[in-house]
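Survey of secondary and tertiary structure
The primary structure of each chain is shown beneath.
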Amino acid sequence: MAARLDRIVRQRLEKLEGIRARGINPYPHRYKRTHTTEQAVTLLRQKENDLAQAEEVSVAGRIIARRLMGKSAFVDIRDGSGKVQLLFQNINKFDKGQIQLFNDLDIGDIIGVEGNLLRTKSGEPTILVGDFTLLSKSLHPLPEKWHGLQDVDTRYRQRYLDLIANPETEETFRVRSQVIAAIRQFLNQQDFLEVETPIMQMSAGGALAHPFITHYHSLDHDFYLRIALELHLKRLIIGGFDRVYELGRIFRNEGISTKHNPEFTMLESYQAYADYNDVMSMFEEMASCITKELTGSYEIKFGDNKIDFAPPWQRLELHQAIIKYSGIDFNKFPDADSLRGEMLRLKIDVDPTKDRGRLIDELISTFVEPNLINPTFLCDYPVEMSPLAKVKPGDERLVERFEAFAGGMEIANAFTELNDPVEQRQRFEQQQERRFTEGETETIDEDFLLALEYGMPPTGGLGVGIDRLVMLLTGQQSIREVIFFPQLKEKE
């Protein structure tokens, strides 16, 4: 196979040299189109009842198929809007130079054509080519079966080939763009202000996650790539903006799976004078409206399941859900050792370094999460799992927090935000002590605590995993299918 590919590349290089030798630039600076392929086909439909004059168009795209039929040839080209058929009728009618250029064309080349619109006897929208131009010579062949590049590793490493070969991949990423645009539209209409916050930060805060570390040479100081958007957005609430949001990249130096990529996209929003109930209602409305807008229905298919996003969504208390699905009542086990012992008794393999909060999180991900197929709010979490959330009135063991699940995975997380600076410092110090015991280090964001001391209004905060939401709305089972360039191991 490698020898064959090398031979094809050599042949194409020889063609390239021949084209240049004839004074043709195989990579011109620009090409003026009058229409995309989709616009050309639409124009034909609009005009084909008017037979007085043929419509002339100029389009451009990549050759994806060619069929010789005697002295004529049919060629399919694709651009960003779709594809259209070209008819080179009686190639010998072209001048000698154009005939030579046509013979040097290969599948994968990008060309521009001028010609009249028509419909063939079989009903196919077609451009009868009057003139054509080579815009880019492709030196490598497209995948053998351009209708379906199947090798997963190649699809992820060479996403451009995946996009060329698989129209459904292109559609997935168009939906991704539409989801993000719809989120922006929804929040803007709710009077939220879109903002941007630093990616490189002095402290890695706002979540429990391993950060990536980089070195800033000019300041001779290590910085962290952000693991959350939270702490800087809260500074803006303190500064007087009542509603803010950011759509941004997050970086967590952790495992890779079908649901996790170390670099991912997060929406975080913060709303002053609101609590987690207000945020719950807002997210339910936003997610259901976007689903209906993009798919035409509240109901979508995800794997073997049908998921109904129509409100109202199911609401479950976390404590009762864990009892229901695992049989463990974590309130009976007040520390990590006793809870770990119960999990081991039930033959649940556990990491001996995890604290009680992370053990409860493992119970959620192992037993509860896979059962939450229809959109569900899991509410009221133990305080040690949520150092940035406010304690639930009447039960100081819990905080006002929910996570939203659908399709058996978490898609959102929200708090009634803790705004007591004294308690927040105590929570950070306790968290730091636990993580130090586990062999991790984390600095406390003193600047954030200083800002909090100036006073933050009651606030509801929301975080949404954009990649997972797109997975649901496009029916993809792996996060790598919805990230253009997912993280992969280095190829040997």
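The following paragraphs examine the structure supplied in this document. (Residues numbered from 1 in each chain as written. Predicted model: local features only at pLDDT ≥ 70, side-chain atom pairs only at ≥ 80, totals over all residues. Heavy atoms only, no water.)

**Details of the packing of aromatic side chains**
The condition that has to hold: Working definition: rings of Phe, Tyr and Trp (its six-membered ring) pair if their centres are within 6.5 Å, and the pair is stacked with planes under 30 degrees apart, edge-to-face with planes over 60 apart, and tilted otherwise. The helix count covers DSSP runs of H or I at least four residues long, the strand count covers runs of E at least two residues long, and both are numbered beginning at the N terminus. In this scheme, a residue with accessible area under 20% of its type's maximum is buried, one over 50% is exposed, and one in between is partly exposed, where area comes from a 1.4 Å probe on protein chains only. For a lysine, the NZ atom is tested; for an arginine, the CZ atom; a charge sits over a ring if that atom is within 6 Å of the ring centre and within 35 degrees of the ring normal.
Tallied over the entire structure, the rule returns 13 aromatic pairs. On the basis of an interplanar angle of 50° and a centroid distance of 4.9 Å, the ring pair of Phe-88 and Phe-102 is categorised as tilted. Of this pair, Phe-88 sits in strand S3 (residues 83-88) while Phe-102 is found in helix H3 (residues 96-103), placing the two residues 14 residues apart along the sequence. Like Phe-88, the residue Phe-102 is buried in the burial classification. On the numbers, 5.8 Å between centres and 80° between planes, the contact of Phe-94 with Phe-132 is edge-to-face. Of this pair, Phe-94 sits in the loop between S3 and H3 while Phe-132 is found in strand S5 (residues 125-136), placing the two residues 38 residues apart along the sequence. Each of the two residues, Phe-94 as well as Phe-132, counts as buried. Taken together through their ring pairs, the aromatic side chains of Phe-283, Phe-309, Trp-313, Phe-377 and Phe-402 make up a single cluster. Against the face of Tyr-298 rests Lys-292, its NZ or CZ located 4.9 Å from the ring centre.

**Description of the sheet that holds strand S4 (residues 110-119)**
What counts, and what does not: Strand pairing requires that DSSP identify at least two bridges connecting the strands. Interaxial angles span 0 to 180 degrees and are taken between N-to-C directions of axes, which are lines fitted to C-alpha atoms, for helices over the stretch in contact. The criterion used for residue contact is that any of the two residues' heavy atoms lie within 4.5 Å.
With respect to topology, five strands assemble into a closed barrel ordered S1-S2-S3-S5-S4, the strand pairing being mixed. Recorded for the sheet is a direction-independent mean angle of 55° between the axes of neighbouring strands. Both strand S1 (residues 56-69) and strand S2 (residues 72-78) contribute to a ladder of seven bridges, which runs antiparallel. The partner of Ala-65 across the bridge, within S2, is Asp-76. The strands that helix H2 (residues 37-47) touches are S1, S3, S4 and S5; relative to S4, the one it contacts most, it runs at about 10°.

**Topic: the side chain of Asp-445**
Under the convention used in this document: A 3.5 Å cut-off defines polar contacts: any pair of N or O atoms within that distance qualifies, except that in protein one atom must be a possible hydrogen donor and the other a possible acceptor, and neighbouring residues in sequence count only when both atoms are side-chain atoms.
Mapped onto the fold, Asp-445 is located in the loop between helix H12 (421-437) and helix H13 (446-453). Judged by relative accessible area, which is 10%, Asp-445 ranks as buried. At 3.1 Å, the side chain of Asp-445 forms a polar contact with the side chain of Arg-235. Of note is the side chain of Asp-445, whose polar atom sits 3.3 Å from the backbone nitrogen of Asp-447. With near-sequence residues (within four places) excluded, Asp-445 lies in contact with Ser-203, Leu-231 and Arg-235.

**Topic: the sheet that holds strand S9 (residues 221-225)**
Paired through backbone hydrogen bonds, the strands of a sheet run either parallel or antiparallel to each other. The strand order S7-S9-S8 describes an open sheet built from three strands, whose pairing is antiparallel. What marks the edges here is a single partner per strand, and that holds for strand S7 (200-201) and strand S8 (213-216). Where S8 meets S9, four bridges bridge the pair, whose relative direction is antiparallel. Note that in S9 the partner of Tyr-216 across the bridge is His-221.

**Considering H3**
Here is the rule we go by: Here the arc refers to the set of directions running from the helix axis out to each C-beta atom.
Among all positions of H3, only Gln-98, Leu-101 and Phe-102 are buried. Projected down its long axis, H3 shows its buried positions confined to an angular sector of 100°, all on one face. On its buried face, H3 sits against helix H1 (2-21), S1, S2, S3 and S5. Of the residues flanking the start of H3, the one acting as N-cap is Asp-95, its side-chain oxygen 3.1 Å from the backbone nitrogen of Gly-97.

**As for the environment of Asp-242**
Note that Asp-242 resides in the loop between helix H7 (230-239) and strand S10 (243-251). Considered as a pair, Asp-242 and Ala-274 are 32 residues apart in the sequence and their alpha carbons are 10.0 Å apart. Not counting the four nearest positions on each side in its chain, Asp-242 is found in contact with Ile-237, Tyr-270, Gln-271, Ala-272 and Tyr-273.

**Remarks on the packing of helix H6 (residues 167-189) against helix H14 (residues 466-474)**
The test is simple: Roughly parallel refers to an angle under 35 degrees, roughly antiparallel to one over 145, roughly perpendicular to one between 65 and 115, and oblique to any angle outside these ranges. The sense of a crossing depends on the near helix, which, turned anticlockwise from the far helix by less than a right angle, makes the crossing left-handed and, turned clockwise, makes it right-handed. Following the grouping adopted for this structure description, the nonpolar residues are Ala, Val, Leu, Ile, Met, Phe, Trp, Tyr, Cys and Pro, the charged ones are Asp, Glu, Lys and Arg, and the polar ones are all others, Gly among them.
Here H6 crosses H14 at 120°, and the two axes come no closer than 10 Å. By the criterion of interaxial angle, the relationship of H6 to H14 is oblique. H6 and H14 meet at a crossing whose hand is right-handed. On H14, the residues touching Thr-172, Val-175, Arg-176, Val-179, Ile-180 and Ile-183 of H6 are Ile-466, Asp-467, Leu-469, Val-470, Leu-473 and Thr-474. Looking at the contact of H6 with H14 residue by residue, the classes come out as eight nonpolar, two polar and two charged.

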